[in-house]
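# Remarks on the overall topology
Listed here are the chains, written in short residue letters.
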Amino acid sequence: MTIAVTCLVAVAVIVFILGVRSRDLPQPEPESPFQHLDDRKAAIYENLRDLQFEYRLGKLSDEDYQNTKRDLQKELAGVLAEVDRLKVQLGVNGAAPPPVAAAKPVKAPGLVCPSCGAKFEKELKFCGECGKPMKVAQS
Ligand SMILES: [Zn+2]
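Read on for a plain summary of the structure. (Residues numbered from 1 in each chain as written. Predicted model: local features only at pLDDT ≥ 70, side-chain atom pairs only at ≥ 80, totals over all residues. Heavy atoms only, no water.)

### Notes on the overall build of the chain
- Scanning the chain for helices and strands turns up 3 helices and 0 strands.
- For the chain, buried positions account for 22% of its 139 residues.
- Summed over its atoms, the accessible surface of the chain is roughly 10600 Å², and 58% of this surface lies on carbon and sulfur atoms. (Helix = DSSP H or I, 4+ residues; strand = E, 2+ residues; numbered from the N terminus. Buried < 20%, exposed > 50% of the residue type's maximum accessible area, 1.4 Å probe, protein only. Areas by Shrake-Rupley, 256 points an atom, 1.4 Å probe, with all protein chains shown as cover.)

Okay, structure coming up:
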């Protein structure tokens, strides 16, 4: 009976969390757009703690514990991902910036004409387009 009640509570909590999530930003938070996410994160942590506590007391079966824990962790991952997404959207520093392509390899002198910008496969002394010297490397 106790186990059944505990499971019921756990399910109710999950349903509640999912319900909160589906409402999804009813209105912008004036203080911090992360506030509701922080709240949700805290709630999930709390649920995980409760879950572990009850499991240690033997109120939960292994299976119930693992299933509920997995669901909570999935939910947590979702919240964390949303925080990251929000940070990127808002341009908050601290979030990992999108990977930038590696620096372009330095071109050998003579491949691009410094005068007209014409490109050549091989190094040339003089530009085939404008005839100006290619080896000029001012700077
Ligand atoms: Zn040229």
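Once the structure has been displayed, the description carries forward.
### Regarding the nonpolar core
- Grouped together as the largest cluster of nonpolar side chains are 12 residues: Phe 34, Leu 37, Ile 44, Leu 48, Leu 51, Leu 60, Tyr 65, Leu 72, Leu 76, Val 79, Val 83 and Leu 86.
- No other element matches the 6 residues that helix H3 (residues 62-90) contributes to this core.
- When neighbours within four sequence positions are excluded, Tyr 65 is seen to be in contact with Leu 51, Gln 52, Tyr 55 and Leu 60.
- Counting 5 residues, the second-largest nonpolar core is a separate cluster that includes Cys 113, Phe 120, Cys 127 and Met 134. (Core = buried A, V, L, I, M, F, W, Y, C linked by side-chain atoms within 4.5 Å. Contact = heavy atoms within 4.5 Å.)

### Let's talk about the packing of aromatic side chains
- Going through the model one piece at a time under the given rule, you end up with 1 aromatic pair.
- Centre to centre, the rings of Tyr 55 and Tyr 65 are 3.9 Å apart; their planes meet at 5°, and the pair counts as stacked. In this pair, Tyr 55 sits in helix H2 (residues 35-56) while Tyr 65 sits in helix H3, placing the two residues 10 residues apart along the sequence.
- For Tyr 65, a relative accessible area of 6% puts it in the buried group. (Phe/Tyr/Trp six-rings, centres within 6.5 Å; stacked < 30°, edge-to-face > 60°.)

### Brief notes about the coordination of the zinc ion
- Within the first shell, the zinc ion binds the protein through Cys 113 (SG), Cys 116 (SG), Cys 127 (SG) and Cys 130 (SG), at distances of 2.2 to 2.3 Å.
- For the zinc ion, the 4 donor atoms are set out with angles of 105 to 117° between them, so the coordination reads as tetrahedral.
- Coordination of the zinc ion draws on donor residues from a single chain, spaced C-x2-C-x10-C-x2-C in sequence.
- Cys 113 sits in the buried class, given a relative accessible area of 2%. (Donors = N, O, S within 2.8 Å, 3.2 Å for Na, K, Ca; no water. Tetrahedral: all angles 85-135°; square planar, octahedral: opposite > 155°, others 65-115°.)

### Brief notes about the pattern of salt bridges
- This model, assessed by the stated rule, comprises 2 salt bridges.
- A salt bridge links Asp 38 to Lys 41; the nearest nitrogen and oxygen atoms lie 3.9 Å apart. Remark: Lys 41 and Asp 38 occur in helix H2; sequence separation between them is 3 residues, near one turn of the helix.
- A relative accessible area of 35% means that Asp 38 is categorised as partly exposed.
- Assessed through its relative accessible area of 21%, Lys 41 is described here as partly exposed.
- Residues Glu 82 and Arg 40 are paired through a salt bridge, measuring 4.0 Å at the closest nitrogen-oxygen approach. Taken as a pair, Glu 82 in helix H3 and Arg 40 in helix H2 lie far apart in primary sequence, 42 residues in all. (Salt bridge = Lys/Arg side-chain N within 4 Å of Asp/Glu carboxyl O.)

### Brief notes about the environment of Lys 59
- Its location among the elements puts Lys 59 in the loop between H2 and H3.
- Separated by 55 residues in the primary sequence, Lys 59 and Ala 4 have C-alpha atoms spaced 9.3 Å apart.
- Setting aside its immediate chain neighbours within four residues, Lys 59 contacts Ile 3, Thr 6 and Glu 54.

### Points about the packing of H2 against H3
- Closest axis-to-axis distance for the H2/H3 pair is 10 Å, and the angle between their directions is 165°. Compared by their axis directions, H2 and H3 come out roughly antiparallel. When the axes of H2 and H3 are compared, the crossing they make is left-handed.
- Considered class by class, the residues forming the contact of H2 with H3 number 13 nonpolar, 4 polar and 6 charged. (Axes fitted to C-alpha atoms, helices over the stretch in contact; angles between N-to-C directions. Parallel < 35°, antiparallel > 145°, perpendicular 65-115°, else oblique. Left-handed = near helix turned anticlockwise from the far one by under 90°. Nonpolar A, V, L, I, M, F, W, Y, C, P; charged D, E, K, R; others polar.)

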